[in-house]
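Observations on chain architecture
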Amino acid sequence: MKKAFLYFLFCCYVINNANAQAGKAPEAWLAMTNKLASLKSIAYTYKHETNNIKDNSYDTLMATCYLDFNYDDEQTISKFRIESDKIISIFNGTELFTLNKASKTYSLTEQASQRLFSNRSLFQNSLQTLRNAANQITANDGIIKTQRDTVINNKTYKLVQMDMFKKTLSYAVDLMQFTKDVTVYYKVIIDPATWLPYQVLNSNSLSKEGYNTKTVFSDINTNPVKPDEYSWYYSTYQNEYKPEKKEARSPLIAAGSKMPLDWSLPEYTQKANPVFKGDGLKGKLILFDFWIMNCGHCIESLPVLKELQAKYGGDKFQLISINAYDKKQEIDAFYKRERPQYKILYNGSAFAKSLGVFGYPTFILMDGTGKVLLSSERINHPMIEPLIKANL
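Residues numbered from 1 in each chain as written. Predicted model: local features only at pLDDT ≥ 70, side-chain atom pairs only at ≥ 80, totals over all residues. Heavy atoms only, no water.

An unreviewed UniProt entry lists the chain under the name TlpA family protein disulfide reductase, from Mucilaginibacter calamicampi.

Okay, the pairing of strand β18 (residues 317-323) next. Across the 7 residues of β18, 7 count as buried, placing the element largely inside the fold. By the alternation rule, side chains of β18 split into F317, L319, S321 and N323 and Q318, I320 and I322, which are all buried. As defined by bridge partners, strand β17 (residues 285-291) adjoins β18 across 7 bridges and the pair is classed as parallel. For I286, the partnering residue across the bridge sits in β18 and is Q318. In terms of strand pairing, β18 meets strand β19 (residues 343-345) through 3 bridges, oriented parallel. Within β19, the position partnered with S321 by the bridge is I344. The parallel pair β18 and β19 is bridged by helix α6 (residues 328-338), and the resulting crossover is right-handed. (Buried < 20%, exposed > 50% of the residue type's maximum accessible area, 1.4 Å probe, protein only. Helix = DSSP H or I, 4+ residues; strand = E, 2+ residues; numbered from the N terminus. Pairing = 2+ DSSP bridges. Right-handed = clockwise from strand over helix to strand, strands pointing away.)

Next up on the list: the layout of surface pockets. Computed from the structure, the second largest pocket encloses a volume of approximately 300 Å³. T179, K180, E300, R378 and I379 are the residues nearest the centre of the second largest pocket, which is lined by 13 residues in total. Residue assignment for the lining of the second largest pocket shows that the elements contributing at least two residues are β10 (176-177) and α4 (296-300). For the lining of the second largest pocket, a count of residues per class yields 5 nonpolar, 5 polar and 3 charged. (1 Å grid on protein atoms, 1.4 Å probe; cavity = no way out; pocket = protein on both sides within 12 Å on 5 of 7 lines; lining within 4 Å. Points joined across faces, edges and corners; volume = space filled by probe spheres on them. Nonpolar A, V, L, I, M, F, W, Y, C, P; charged D, E, K, R; others polar.)

We now examine the environment of K86. Checked against the element boundaries, K86 lands in the loop between β3 (77-83) and β4 (87-91). Assessed through its relative accessible area of 61%, K86 is described here as exposed. Measuring from C-alpha to C-alpha, the distance between K86 and L99 comes to 8.5 Å, with 13 residues separating the pair along the chain. Not counting residues up to four positions away in its chain, the partners in contact with K86 are L99, N100, K101 and A102. (Contact = heavy atoms within 4.5 Å.)

In structure tokens:
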């Protein structure tokens with residue numbers, strides 16, 4: 001009995017000690033963090049691959065990047081110039097402007113907030129995002145961090161894996177939070193010769209091997225030639241580029257408004273191509289789900305939508321899912337995987353914009369009289385289910 005008790009105490013010690021070590025940052029991570037924090041400027045080539053295997057969707061984004069760092073605030077960039085085959089994006093410390101090579105137009109944001117950069121594709125899992133988030137990750141004991149060696153092309157690297165529960169990397173000051181129970185996995189491959197990141201591999205517990213990204217940094221120069229001083233100002237490009245004509249945007253349809261029903265959209269089926277008419281929804285409680293394929297929050301909302309449809313779907317309540325612009329064959333892969341038990345319409349971009357829907361997902365709940373009960377860019381389960389119950 002005594003031996004069993006001593007063994008129990010030993011197990012508790014081992015478990016507690018393992019938990020105490022779980023959140024500590026590995027040496028390679030700390031070395032990379034210090035290296036990134038010491039940089040005054042850097043230039044590199046960025047290649048970001050997105051592999052959505054289940055939906056048979058693949059995408060590659062490449063750009064050359066030049067960054068100056070702000071030493072008054074370690075979490076910001078003082079200047080950047082990022083160029084892909086389609087655009088040149090420049091931030092001069094105050095103004096952010098983007099040159100569209102195809103249309104020869106530019107868009108301009110005066111007094112640009114650094115938080116704007118977190119939504120830019122070319123910042124996803126980027127070197128500047130790693131630098132910005134490194135100290136937060138180091139200090140967060142809830143993020144499991146482990147280190148091991150890995151070999152790529154006969155060269156040994158340090159691989160730091162981070163398991164983030166309900167969190168993901170973002171350039172914004174704080175790590176982005178999820179409401180859904182999901183673990184995001186990062187593998188940061190670090191070159192011990194420079195202590196700079198070489199690759200970032202990203203996946204999550206919801207899609208497992210069905211969705212992953214890979215970011216590669218190459219041609220890294222920590223003492224780059226600075227771009228010409230005049231290249232930092234949009235006025236330099238005004239002879240070649242003209243101001244972009246901004247699309248007029250209506251505000252999102254508000255609660256209490258009347259939902260238009262004089263519209264029709266093609267309905268997704270695996271056989272025929274029927275047209276669905278909005279006026280057939282009169283007298284019913286309808287939850288509209290506006291979505292697109294490559295949208296993390298759209299995928300995150302799926303379990304809630306399926307649950308609502310299973311609980312309340314019938315003659316009085318319907319869930320209508322409207323895809324904005326993905327092709328039917330792209331929706332086909334989604335349908336075969338998820339098997340949603342509600343109607344899916346597509347080619348809904350113009351209809352969405354007429355309602356003030358410009359971000360995805362967006363949800364609109366309409367009662368039987370056509371009155372909007374709720375419009376939101378997030379599916380708020382505790383709020384929306386009582387509304388559905390109260391109006392059935």
